[in-house]
Amino acid sequence: MSESGKKITDFIGRARRALMLITSVSGAMLTLAVILGLSFLLILLNGLFFLECGARSALFFIWLGISLGALFYWVLWPFINIPRERRVAIDLEREYPELDSRLVSAYDFLKIEPRSYGYSGDLIAASIVDAEKRTRGLKPERIAPFSMLRERSAYLVFAVLLIVGFLASSPSVFHTGIARGSNPFQYIMRPTLTTLKVEPGDAGVTKYKNLEITIAASGKLPEDVTILRAFDGGAERTFSANRNPENDREWSFLFEDVKRDFTYRVEGGDFISRPFKVAVVDRPRVVGLTLTFDYPDYTGLQTVRLEENEGTVDVPYGTYVTVEARFSKKIERSELNFSDSTQKAMQIDDRSATGSFRAIKPGSYRLLAVDNEGLANDDPIEYPIRVRSDEYPTVEITHPGVDIDLTEDMLIPLSVLGEDDYGFSGFQLAFTIEKSPEDTSRIKIPFDSYRRPQVSVEYYWDLGRLAIFPNDIVLYWVEALDNDRVTGPKKAVSRVYSARFPSIDEIIKDVISDREDQITDVEEISRQERDLQEELKELTREMKRASEITYEQREDLREALQTQRELAEQLEKTAEEYQQTTEKVTEQQLASSEIIQKMLEVQKLLQDVATEEMREAMQKLQEALDSMDPEELRRAAEEFQMTQEELLERLDRTLALLKRMQVEQRVEDMKALAEKLKEMENKVSEGLEDGSMSQKDAERMQDRITEGSELLEKGLEELAEMMSEFPDMPSEQAKALANEVNQNSPSKKSGQCSSLMKSGSMNKCAGKAEELSEQFEQIAQKLQQMQEQMQQQLSAETIAAIRRAVFGLLDLSARQENLLGTLAKDIRSRELARGLGKDGADISLALGRVTAEVVSIAQKNMMIPPNIGAILGSSLREMGAMLVELEQGRGYSASPRGYEAMAAMNVAAEKLLETMDMMSSQSSSSCSGGQSFFQKMQGMCDKQGQINQSTIPIAQGQGSSGSMPGGLTPDQQAAASRLAGEQEAVRKSMEELAGEAAQRSDIAGRMDNIVEEMEEVIQDLRHRGADERTLNRQERIMNRMLDVQKSLHRQEYEERRKSRTGENIVRRSPDRLPEDLGERRDLLQQQLLRALNQPYPKEYEGLIKSYFQALRENAPAEGK
Amino acid sequence: MKLSMKKLIILTIIAGSVVTVLGGIPNVPFTVAQLKYGGGGDWYANPSSLPNLIEFVREYTDIPAVYSGKYVEPGDDDLFNYPYLYMTGHGNIKFTDKEIERLRIYLTSGGFLHADDNYGLDPAFRREIKKIFPDKELVELPFDHEIYHCFYDFPGGLPKIHEHDGNPAQGFGIFHEGRLIVFYTYETDLGDGWENAEVHSDSEEKRRAALEMGTNIIIFAMTRQ
């Protein structure tokens, strides 16, 4: 074939291939569009309608047939029915008319044998070449059916959009249609009105665990849901599921303790589920869990074994926890899994396991067990671990609890309160002297309540053994250690308190100043009382004169009442201050028991100045002021005035006694000061001699003595001056003593001594010190003599005055009796009555003189009963009234008044006689042995203190050597043996003392264990040496001895205040109990407070208060 | 009248004991303890008082009263084992907050406290009892109160055993829901009267009066509603 022929063939071939390709592609598209369209219809039908299996199968076959037919016709057939080349050439001629049938001709020429038809070969060749030339530049692909391709693409797109649109618009119908349509030959259950969704459906569950089935309903809501359970294909048992109260479309059911496999179905409405299978897995289970807590030592708690299955660990820090577990089956391994991802293996024994851990941090743990099939326990319980840490302790000094001045005995009774969650291991008293704070010392405070969370310790701290001097301040505090031995004891420190050692001159100055202030106060009160008295007199006179009481008079009375109240309060305050001074004097041992007794009596006089009658009169006056009755007010004002007069009398007496007491106390103060200075001087001398006192300390002490001496000199001068105001006092003697002391000025000598010390001339100083000591002693002796002389003189004067008064009163009483006897003979006789008036006036005058003398002596001696003035005053008033009646000639009215006056005279005489007897008996009584007992106890305390101090090195030596108890060096053994001997001596003395104290059960009771403890210490020292226990015992001994010593001192003070057998006082019974028994009023109070705590507007609060006030006032009347 | 009252009370106690035994409740003797308090006061005062009083009660009434021989603190665990507490002293009293709470519970739960002023206790006691019962008042008991007549007859109220300030003896009470729970004896010093005869050298008559009054207090505490 020629070249042109080949090209023509190729041209036609290209056209035929393009035709076939486009035809096939468009056929495939159309086929797909048809399949999709059919599928849409199929899904739609199945989705919307429930079709039985046959219908679904038929539809499926239709869908399949059409799809296959379309595939064959439009996709495969074009490949089978390939267009012939000549046909293609004709189509090309038709597409390109310019070919002018040359292409077909040329194709024909190429296909025929030219010689067969007699055509010229050249002509044919030329025709072919011509045809070929004509095809040049033409595109044979143009004959392909592209328009058909576009059309069918559109069909396909439409079909796809239809499907997607369906899916998007109704997915449930689409899915249902797909599900049903894609399973044309499967049985499909006809859809129910109700559908139940069952969870978990098929399940595996651990043996003995619970299995919960939950059911959710959709569609029509069933009335109830039942579960049908069957074992091994057996009969089904029905259970009702429980509807969820919060969601009526949900039910649940719990299969408890599932033990074996079963199947179940769920039925509700027209729905019945398929059978679900439950398979039981036999995993190991914990059937018993027991915890044992071994608490750390510091808690003091006993080991505790919890009840079974109590798995929570809630323990103090460091507790050792043992976990014992029992399982349902034999296990291969077990471990404790902690929340911090650590594990601890447990010891296995067949079905049980044991493990332990120390609780040191909070968290949780789980118990894991695995059996020999590798099955682990299911969902092990997580038990919490709570670790309580040992909190820091707290400690406080509850007594004295304030900064104090040291008292003479140099003892501080300390009360210490410690609190800790698990108790204490020790308390120690720490202290330092303020001037040298770097030296802090500590003393162990013995106590025995180690394990108690709250410990109260009493400790007598004896500062007498410390090297402290007047004006030194000791700072002290208590340290408490808890008994945490796991992390180490924690310490608490109390507040720091100070104890100041006041100098004697300072104390005396204070006391003197206090007394002067108190006298000034009483003088001022007295002055104001007098003014008040004048005002009242004037006021009552005016009120008597006028028929009406004016508003101004009422106000004046009100003001007078208020002034009286204020004065009474001031008096009470002064009495309190006086009491404090008395206590100070007692604590500092500045006064003898006699002086303290007198001070207590003056204090009582001060307290009793405002009598009960006075208070009643004030109350009546107040009530009268509130009422509108002028007569009542007049009566109340008069009564008030009378009691006020009586008060003034008492006040005058108290003031006079206070002034006398001031002098007596000054004598006492100066004596105490001289004795103290002597004691201090001796201490300096001895300290310098035996080297127990440093030169610096001696200088300080001597300076204090100089200051004290100055006060002594000045005080004696003042004393002489004070005495000069009292004619019965030995003022000349006092003046002589003051002059003598001034001439031999101890302050100068002391100053010189101090200078010599500073210059280092200790020998010269020693001589001066001795001289000073003697001088102080002489001064004290002279003051003592002066005191005794004053006492004797006053006593003699008082007894004589009382005697005179008693005789006078008895004589007057006899005269009065005669007078009344005479009057009684003709009591109606006016003449007789008037005639007896003169005798009565004489008796009254004499009674006035006796009264004046009694009042005068009462102002010197407080032994005179305070009410004697009132009794004699009453007698005088009655006498006055009797005289008025006699003068009027009314004997029958005068007689009872006269008898009243006589009775009062007799009572006064009797009281005075009693006073005289009491004074006589007091002067003859001897003092008790308490002081010597106290001194003995003090001496033993000192000795015990020395023994305790000497024991410490032995105990420390023994401890530090690390040897076994009893392993003492020969020197230590010798020292221990010596101390045992000394302790034995103290024990014997204590035993004797306890024997003496047997009469005083209060003391003996507290000495009970001292002797026994001493025996223990002696045994220790003889056989084991000394250790911590010995020191503790000794400390306890010391503490108890100091306790007894302090008690003795206190007892001495208290003895002065009490112990006279009482006489029953006849009086009216108190009023009947209040209706509320002291409770109800407060209930109202509480209700009021509660009401006021509510958020009421301000304006309502007043109303609420008024309401409760009204209730309170009405309560007794209502009786409920 | 006095005799019949005594008989009545003894019968009541015996009947109570029988009922208790028949009811199967343990017959616990009436145990008395002395209160130990803080503050520095001598809580240990009058050590022979309670033993003497209890001995007297046992001898003259057949009541199975027992002296515990213990000083009990308000914070002690066994506080509630003692239905009757006695406190005395001359000085300060100080209860901690916890002690106040414990005493309040003790007293309002059936406990009874006899506080006896041994002279000097009064201000501290009044202050501290107010802390325990801020809502209640100490009220003076009239002479016709049962405590003065329940066994021995004291028509004039408390006997005056010791003289201090010349004031009359007074008996005060604190009530809770109508029940006397605290009896405070002031200016009488009953405790001194109960002590051994040689301690205060009181007359036998005085001691007897003190012990009889003490007996009344114990019987009242036992039999009150």
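Residues numbered from 1 in each chain as written. Chains lettered and ligands numbered in written order. Predicted model: local features only at pLDDT ≥ 70, side-chain atom pairs only at ≥ 80, totals over all residues. Heavy atoms only, no water.

### Points about the overall build of chain B
Phase 1: When helices and strands are tallied, chain B shows seven helices and eight strands.
Phase 2: Split by element, the accessible area of chain B, about 8700 Å² in all, is 56% carbon and sulfur. (Helix = DSSP H or I, 4+ residues; strand = E, 2+ residues; numbered from the N terminus. Areas by Shrake-Rupley, 256 points an atom, 1.4 Å probe, with all protein chains shown as cover.)

### Here's the deal with the overall build of chain A
Phase 1: Helices and strands together make up the secondary structure of chain A, namely 27 helices and 30 strands.
Phase 2: Within chain A, the proportion of its 1120 residues that are buried is 45%.
Phase 3: Expressed as a percentage of contacts within chain A between residues at least 6 apart in sequence, the contacts between residues at least 24 apart total 73%.
Phase 4: Summed over its atoms, the accessible surface of chain A is roughly 57700 Å², and 51% of this surface lies on carbon and sulfur atoms. (Buried < 20%, exposed > 50% of the residue type's maximum accessible area, 1.4 Å probe, protein only. Contact = heavy atoms within 4.5 Å.)

### Quick look at the sheet that holds strand β17 (residues 347–349) of chain A
All names here are of chain A.
Phase 1: Ordered in space as β12-β11-β14-β18-β17, the five strands form an open sheet in which the pairing is antiparallel. Both outer strands of the open sheet, β12 (304–305) and β17, are each paired with one neighbouring strand and no more.
Phase 2: Pairing of strand β14 (residues 319–327) with strand β18 (residues 352–359) involves eight bridges; the strand directions are antiparallel. Bridge pairing in β18 places Val 323 opposite Gly 355. (Pairing = 2+ DSSP bridges.)

### Considering the packing of aromatic side chains
All names here are of chain B.
Phase 1: Scanning the entire structure with this criterion turns up 37 aromatic pairs over all chains.
Phase 2: Ring centres of Trp 43 and Tyr 71 lie 5.0 Å apart, and the angle between their planes is 75 degrees; this geometry places the pair in the edge-to-face category. Of the two residues, Trp 43 sits in the loop between β1 (30–35) and α2 (49–61) while Tyr 71 sits in strand β2 (residues 65–72), which places them 28 residues apart along the sequence.
Phase 3: Aromatic pair Phe 143 and Tyr 148: ring centres 6.5 Å apart, planes at 85 degrees, arrangement edge-to-face.
Phase 4: For Phe 143, a relative accessible area of 9% translates into the label buried. (Phe/Tyr/Trp six-rings, centres within 6.5 Å; stacked < 30°, edge-to-face > 60°.)

### Side note on the nonpolar core
Soluble globular proteins tend to pack their nonpolar side chains together in the buried interior.
Phase 1: Ranked by size, the top nonpolar core spans 87 residues in total, and within it Leu 557, Leu 621, Leu 712, Leu 716, Met 723 and Leu 783 of chain A carry the most contacts.
Phase 2: With 20 residues, helix α13 (residues 630–690) of chain A is the single largest residue contributor to this core.
Phase 3: Judged by nonpolar contacts, the second largest core, of 39 residues, contains Ile 54, Ala 65, Val 139 and Ala 209 of chain B. (Core = buried A, V, L, I, M, F, W, Y, C linked by side-chain atoms within 4.5 Å.)

### What about the packing of α2 of chain B against helix α7 (residues 204–223) of chain B?
All names here are of chain B.
Phase 1: Remark: α2 packs on α7, axes separated minimally by 9 Å, with the N-to-C direction vectors making an angle of 75 degrees. By the criterion of interaxial angle, the relationship of α2 to α7 is roughly perpendicular. Residue-level contacts link Asn 52, Leu 53, Ile 54, Phe 56, Val 57, Tyr 60 and Thr 61 of α2 to Arg 207, Arg 208, Leu 211, Glu 212, Gly 214, Thr 215, Ile 218 and Ile 219 of α7.
Phase 2: By residue class, the composition of the contact of α2 with α7 is eight nonpolar, four polar and three charged. (Axes fitted to C-alpha atoms, helices over the stretch in contact; angles between N-to-C directions. Parallel < 35°, antiparallel > 145°, perpendicular 65-115°, else oblique. Nonpolar A, V, L, I, M, F, W, Y, C, P; charged D, E, K, R; others polar.)

### Brief notes about a nonpolar patch on the surface
Phase 1: On the surface, Phe 72, Tyr 73, Leu 76, Trp 77 and Ile 80 of chain A cluster together into a nonpolar patch covering about 530 Å² of accessible area.
Phase 2: Counting through the fold element by element, Phe 72 of chain A comes out in helix α2 (residues 53–80). (Patch = residues over 30% accessible without salt bridge, like charges linked within 9 Å, V, L, I, M, F, W, Y side chains within 5 Å. Salt bridge = Lys/Arg side-chain N within 4 Å of Asp/Glu carboxyl O.)

### Some points on the sheet that holds strand β26 (residues 454–462) of chain A
Residue and element names in this part refer to chain A.
Phase 1: The three strands are arranged β21-β23-β26 in an open sheet whose pairing can be described as antiparallel. Sheet topology places β21 (394–399) and β26 at the edges, where each strand pairs with a single neighbour. Sheet twist, expressed as the mean angle between neighbouring strand axes with direction ignored, is 25 degrees.
Phase 2: Bridging between β21 and strand β23 (residues 411–419) involves five bridges; their strand directions are antiparallel. Across the sheet, residue Val 395 finds its bridge partner in β23, namely Gly 418.

### Observations regarding unusual backbone geometry
Negative phi values dominate among residues other than glycine, just as trans dominates among peptide bonds.
All names here are of chain A.
Phase 1: Residues Glu 199 and Pro 200 are joined by a peptide bond in cis, for which omega reads 0 degrees.
Phase 2: Within the element layout of this structure, Pro 200 appears in the loop between β1 (194–199) and β2 (203–206).
Phase 3: Of note, the amide linkage connecting His 399 to Pro 400 takes the cis form, showing an omega dihedral of 5 degrees.
Phase 4: Summarising the element assignment, Pro 400 is placed in the loop between β21 and β22 (404–405).

### Concerning helix α4 (residues 122–132) of chain B
Residues and elements named next belong to chain B.
Phase 1: Along α4, the residues classified as buried are Asp 122, Ala 124, Phe 125, Glu 128, Ile 129 and Ile 132. Looking straight down α4, one finds its buried side chains confined to an arc of 160 degrees; they lie on one side.
Phase 2: Residues of α4 that are buried make contact with β3 (84–89), α3 (97–108), β4 (112–117), β7 (170–176) and β8 (179–186). (Arc of directions from axis to C-beta.)

### Topic: the pairing of strand β3 (residues 211–219) of chain A
Residue and element names in this part refer to chain A.
Phase 1: In the sheet, β1 pairs with β3 via six bridges, with the strands oriented antiparallel. Opposite Thr 195, over in β3, you have Ser 218 as the bridge partner.
Phase 2: The pairing of β3 with strand β7 (residues 247–255) spans six bridges and is classified as antiparallel. Bridging across to β7, Ile 213 finds its partner in Phe 253.

### So, the confidence of the model for chain A
Residue and element names in this part refer to chain A.
Phase 1: In this model, chain A carries an average pLDDT of 82, and 90% of its residues clear a pLDDT of 70 or more.
Phase 2: Within chain A, the lowest mean pLDDT, 52, falls on helix α26 (residues 1080–1093), and the highest, 94, falls on strand β15 (residues 333–338).
Phase 3: Note on residues 924–931: pLDDT under 50 across the span, and two contacts to partners over four residues away in sequence or across chains.
Phase 4: This stretch, residues 1055–1059, has a pLDDT under 50; its non-local contacts, to residues over four places away or in other chains, come to 20 contacts. (pLDDT = per-residue confidence, 0-100.)

### Examining the pattern of salt bridges
All names here are of chain A.
Phase 1: As enumerated under the stated definition, the model contains 66 salt bridges over all chains in all.
Phase 2: The closest approach of N and O atoms between Asp 371 and Lys 329, which form a salt bridge, is 2.7 Å. Of the two residues, Asp 371 is situated in the loop between β19 (363–370) and β20 (382–388) and Lys 329 in the loop between β14 and β15; the sequence distance between them amounts to 42 residues.
Phase 3: Judged by relative accessible area, Asp 371 falls into the buried class, the value being 1%.
Phase 4: The shortest N-O distance in the salt bridge between Glu 1013 and Arg 1033 comes to 4.0 Å.

### Examining the environment of Val 198 of chain A
Residues and elements named next belong to chain A.
Phase 1: The topology assignment puts Val 198 in strand β1.
Phase 2: Distance from Val 198 to Ile 213, taken between C-alpha atoms, is 7.1 Å for residues 15 residues apart in sequence.
Phase 3: Once residues within four sequence positions are removed from consideration, Val 198 is found in contact with Ile 213, Thr 214, Ile 215, Tyr 264, Val 266, Ser 273 and Phe 276.

### Considerations on the environment of Leu 92 of chain A
Residues and elements named next belong to chain A.
Phase 1: Locating Leu 92 in the fold gives a position in helix α3 (residues 85–95).
Phase 2: Given a relative accessible area of 0%, Leu 92 falls into the buried group.
Phase 3: The contact partners of Leu 92, leaving out residues within four places of it in the chain, are Phe 11, Ile 12, Ala 15, Leu 99, Leu 103, Pro 140 and Ile 143.

### Brief notes about the environment of Ala 909 of chain A
Residue and element names in this part refer to chain A.
Phase 1: Assignment of secondary structure puts Ala 909 in helix α20 (residues 891–924).
Phase 2: Residue class for Ala 909 comes out buried when judged on its relative accessible area of 3%.
Phase 3: Between the C-alpha atoms of Ala 909 and Gly 808, which are 101 residues apart in sequence, the distance is 8.9 Å.
Phase 4: With residues near it in sequence (within four places) discarded, Ala 909 still touches Val 806, Leu 809 and Leu 810.

### Things to note about the pairing of strand β24 (residues 424–433) of chain A
Note on strand geometry: in a regular strand, side chains alternate between the two faces of the sheet.
Residues and elements named next belong to chain A.
Phase 1: Of all 10 residues in β24, eight are buried; the element is thus mostly enclosed.
Phase 2: Sheet analysis places β24 next to strand β27 (residues 473–482), joined by nine bridges and oriented antiparallel. Bridge pairing links Thr 432 to Leu 475 in β27.
Phase 3: Both β24 and strand β25 (residues 440–445) contribute to a ladder of six bridges, which runs antiparallel. Counted as the bridge partner of Thr 432 is Thr 440 from β25.
Phase 4: Once β24 ends, the chain turns through six residues before running back antiparallel as β25.

### As for the side chain of Glu 187 of chain B
Residue and element names in this part refer to chain B.
Phase 1: The topology assignment puts Glu 187 in the loop between β8 and α5 (190–194).
Phase 2: Owing to a relative accessible area of 2%, Glu 187 belongs among the buried residues under this scheme.
Phase 3: Separated by 3.0 Å, the side chains of Glu 187 and Lys 160 make a polar contact. (Polar contact = N/O pair within 3.5 Å; in protein donor to acceptor, adjacent residues only side chain to side chain.)

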